[in-house]
Amino acid sequence: MPNHRIILHHAMLTAVLLGCVVAKQPHVILIVADDLGWDDVSFHGSNQIPTPNIDNLAYNGILLHNYYVQPICTPTRGALLTGRHPIHTGLQHSVITAPQPYGLPLNETTMAQYLKTLGYSTHIVGKWHLGFFAWEYTPLYRGFDSHYGYYNGEEDYYVHDAEGRKYVGLDFRDDKKLVRDAFGEYSTELFTARAEKIIHTHDPNKPLFLYLPYQAVHSANRKVPLQAPYKYTSRFPYIQDGKRRTFAGMVSALDDGIGNVTKALYDAGLYNNSIIIFTTDNGEIGRASCRERV
């Protein structure tokens with residue numbers, strides 16, 4: 001599938017931002033949902049899962065209707081951060097799993113590296129999934145000043161363990177340090193809180209690039225693939241199917257997070273000089289257990 005998902009990307013984005021040097025460079029907030037389907041947001045017509053905060057960005061921004069992504073995580077993320085089709089970076093085949101010793105090639109320049117040359121502070125909060133078999137392939141070596149999140153493709157939303165056929169282990173880091181005190185805390189809320197902290201502590205006189213690739217609404221571990229706190233699932237008593245209700249809670253938590261990040265930009269005085277981009281890495285995963293309709 002062709003990748004046309006980049007709204008403002010390297011050459012274009014660099015030109016735009018260089019043109020703003022004389023004025024004030026805009027802050028760039030790039031929010032990526034994981035496996036969010038077309039009909040999982042209410043601005044596309046769904047009357048089952050209200051997403052008022054995502055809708056607000058849509059109705060007050062620019063909608064790209066002729067817009068395509070890669071079908072799985074790693075190829076899209078590589079294209080998003082480099083502006084290059086995955087066939088040119090070797091990431092076109094599949095996702096990177098934990099034991100695999102490869103990643104986004106080191107000769108590729110990421111969006112964060114470009115923006116650093118323009119004076120931006122650069123932060124990633126959430127999922128990486130572009131290789132971590134050597135430190136050089138991880139976010140702190142690919143143009144980001146900080147990373148709070150995980151390296152693999154999926155993990156438990158509360159325990160933060162990544163699991164595969166032959167491995168299981170904690171995959172949650174604050175920069176290089178393993179985060180061991182977040183057990184039982186929901187990742188969507190953790191990522192939102194860290195994004196808010198970055199925004200509130202940022203020097204408003206310096207441009208900010210915040211890359212926020214949420215875990216939501218990707219499946220979690222194999223035993224319990226759908227996970228959401230009761231305070232979110234309880235918003236949907238009219239959804240009879242328990243799996244669908246939990247999934248709706250996951251989407252609602254994501255929407256709340258986006259609303260909180262947007263509010264943080266307002267409160268910090270950054271909103272009026274910000275470019276906010278929201279997208280999904282690919283469509284819904286197509287498993288009946290996650291998307292059953294009632």
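To be clear, the structure that these remarks concern was listed above.
Notes on the structure follow. (Residues numbered from 1 in each chain as written. Predicted model: local features only at pLDDT ≥ 70, side-chain atom pairs only at ≥ 80, totals over all residues. Heavy atoms only, no water.)

**Brief notes about the packing of aromatic side chains**
- Counted by the stated rule, this structure contains 13 aromatic pairs.
- Ring centres 5.3 Å apart and planes at 20 degrees place the aromatic pair Tyr157 and Tyr186 in the stacked group. Here Tyr157, found in the loop between strand 3 (146–150) and strand 4 (161–163), pairs with Tyr186, found in the loop between strand 7 (177–178) and helix 5 (187–201); they are 29 residues apart in sequence, far enough to count as distant.
- Residue classification places Tyr157 among the buried positions, given a relative accessible area of 0%. (Phe/Tyr/Trp six-rings, centres within 6.5 Å; stacked < 30°, edge-to-face > 60°. Helix = DSSP H or I, 4+ residues; strand = E, 2+ residues; numbered from the N terminus. Buried < 20%, exposed > 50% of the residue type's maximum accessible area, 1.4 Å probe, protein only.)

**Some thoughts on the packing of helix 2 (residues 52–59) against helix 7 (residues 242–267)**
- Closest axis-to-axis distance for the helix 2/helix 7 pair is 7 Å, and the angle between their directions is 55 degrees. Between helix 2 and helix 7, the angle falls in the class oblique. Each of Pro52, Asn53, Ile54 and Leu57 in helix 2 lies in contact with helix 7, whose residues at this interface are Asp255, Asp256, Ile258, Gly259 and Thr262.
- Counted by class, the contact of helix 2 with helix 7 contains four nonpolar, three polar and two charged residues. (Axes fitted to C-alpha atoms, helices over the stretch in contact; angles between N-to-C directions. Parallel < 35°, antiparallel > 145°, perpendicular 65-115°, else oblique. Contact = heavy atoms within 4.5 Å. Nonpolar A, V, L, I, M, F, W, Y, C, P; charged D, E, K, R; others polar.)

**What to know about the pairing of strand 3**
- Along strand 3, five of the five residues are buried, which leaves the element largely enclosed by surrounding structure.
- Neither face of strand 3 is left uncovered, since the one carrying Ser146, Tyr148 and Tyr150 and the one carrying His147 and Gly149 both have all their residues buried.
- Across five bridges, strand 2 (residues 121–127) lies against strand 3 in parallel orientation. Directly across from Val125, in strand 3, lies its bridge partner Tyr148.
- As paired strands, strand 3 and strand 6 (residues 173–174) are joined by two bridges and run antiparallel to one another. Paired with Tyr148 across the strands is Asp174, a residue of strand 6. (Pairing = 2+ DSSP bridges.)

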